[in-house]
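Notes for the structure review
Take a look at the letters that make up each chain.
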Amino acid sequence: MSHTSFHRWRALAASAALCTASYSHATVVEVQTVLGNFEINLFDETTPLTVANFLDYVNNGAYTDSIVHRTDPGFVIQGGGFTYDGALPFDTIPANDPVMNEPELSNRRGTIAMAKLGGDANSATTQWFINLSDNQGNLDSQNSGFTVFGIVLGDGMDVVDAIGALPRFNFGGAFGTLPLRDYTDTTMDPDEDNIVIVNAIVVTDSTVSTNTDLLPPVNVAQNPPPSTTPPADNNDGGGGGGAGGAFAIGALGWFVASRRRRASSV
């Protein structure tokens, strides 16, 4: 590992420890859904670009009457891409410029991360997903890692898990696994009694947070620790030096989900 990489990893580890202790400038938002509300603590300092991008959509009301358009049991629920105005088809949320990827933290259960286009690490815009399981073995590595920028607080995962457990229906494209409530007459379009609507996402606390033990581990797939390979013994009589060890991270295949218009994929 290079001298620069070592100091970057050490600085990241120190930042993680500091955030765990103080959570300076942490923002808390409440996601208000038809199945209940839950709060998310955002990691303002560790992923500042992503948090700023997300809060821009929050503060502009872009997520008002948005929907959870995808669930994958044991994997993720996904939203932030579409809104419902009383009739199908769903409307696409207008996107700002994509945000730079910040794959500093690991995709563990309860964390929220940004969805993006397959094969384009810096393509995240409006769509977010919440990890239902520890997905670090998959999402920390592929597509240069998915940016974790917050974590669900308290018993909020009860609401998230309830959404993830709903029956899913195939409406094509980005809506191939659309979760619906009390949807029995499949000859009719679903409505507000069936769709998982996010009524709003609002900031509930923009002051210093005192929550502890929230920061997930560092994403070591993108931020590997320094090598612990012991120095080679050069006292071999021939003056030859031992070769230094190096980390190699195998690239996983791109995970490309069906999308409609500019829908993102996890």
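Residues numbered from 1 in each chain as written. Predicted model: local features only at pLDDT ≥ 70, side-chain atom pairs only at ≥ 80, totals over all residues. Heavy atoms only, no water.

**Here's the deal with helix α4 (residues 157–164)**
- When α4 is considered as a whole, its buried residues turn out to be Met157, Val159, Val160, Ile163 and Gly164. Down the axis of α4, the smallest arc covering the buried residues is 155 degrees, so these residues share one side. (Buried < 20%, exposed > 50% of the residue type's maximum accessible area, 1.4 Å probe, protein only. Helix = DSSP H or I, 4+ residues; strand = E, 2+ residues; numbered from the N terminus. Arc of directions from axis to C-beta.)

**Brief notes about the environment of asparagine 194**
- Among the structural elements, asparagine 194 can be located in the loop between β10 (178–179) and β11 (197–205).
- Put simply, asparagine 194 and threonine 184 are 10 residues apart on the chain and 9.5 Å apart in space, counted from C-alpha to C-alpha.
- If near-sequence neighbours (up to four positions away) are discounted, asparagine 194 is found in contact with Pro179, Leu180, Arg181, Asp182 and Tyr183. (Contact = heavy atoms within 4.5 Å.)

**So, unusual backbone geometry**
- The omega torsion across leucine 88 and proline 89 is 5 degrees, close enough to zero to call that bond cis.
- Along the chain, proline 89 falls in the loop between β4 (76–83) and β5 (91–92).
- For aspartate 65, which is not a glycine, the phi torsion comes out positive at approximately 60 degrees.
- Mapping aspartate 65 onto the fold places it in the loop between α2 (48–59) and β3 (66–72).
- Backbone geometry places asparagine 143, a non-glycine residue, at a positive phi of 55 degrees.
- Here asparagine 143 is to be found in the loop between α3 (136–139) and β8 (148–152).
- What makes asparagine 143 buried here is its relative accessible area of 10%.

**So, the nonpolar core**
- In terms of nonpolar packing, the biggest core is built from 31 residues, with Phe54, Ile130 and Ile201 touching the most fellow members.
- No other element matches the five residues that α2 contributes to this core.
- If we ignore the near neighbours within four places in the chain, the residues touching phenylalanine 54 are Val29, Leu42, Tyr63, Trp128, Phe149 and Ile201.
- Core analysis: the next-biggest nonpolar cluster, separate from the first, contains 16 residues, Phe43, Leu139, Val148 and Ile151 among them. (Core = buried A, V, L, I, M, F, W, Y, C linked by side-chain atoms within 4.5 Å.)

**What to know about the pattern of salt bridges**
- As enumerated under the stated definition, the model contains two salt bridges in all.
- Among the salt bridges present, the one from aspartate 72 reaches arginine 70, with a minimum N-O distance of 3.7 Å.
- One salt bridge in this structure joins arginine 109 and aspartate 161, with 2.7 Å as the shortest N-O distance. Of this pair, arginine 109 sits in the loop between β5 and β6 (111–114) while aspartate 161 sits in helix α4, and the two are 52 residues apart along the sequence. (Salt bridge = Lys/Arg side-chain N within 4 Å of Asp/Glu carboxyl O.)

**Some points on the confidence of the model for the chain**
- The share of residues in the chain with pLDDT of 70 or more is 73%, and the mean pLDDT across the chain is 82.
- Taken as a whole, residues 1–25 scores under 50 in pLDDT and shows 42 contacts with residues more than four places along the chain or in a different chain.
- Contacts of residues 236–263 to residues separated by more than four positions or lying in other chains number 47 contacts, the stretch itself having pLDDT below 50. (pLDDT = per-residue confidence, 0-100.)

**Section: the environment of tyrosine 183**
- By secondary structure assignment, the location of tyrosine 183 is in the loop between β10 and β11.
- Taking the C-alpha atoms as reference points, tyrosine 183 and arginine 168, separated by 15 residues in sequence, lie 9.7 Å from one another.
- The residues contacting tyrosine 183, other than those within four sequence positions of it, are Phe169, Phe171, Met188, Asp189, Pro190 and Asn194.
- Within the structure, tyrosine 183 has its side chain in polar contact with the backbone oxygen of methionine 188 (distance 2.4 Å). (Polar contact = N/O pair within 3.5 Å; in protein donor to acceptor, adjacent residues only side chain to side chain.)

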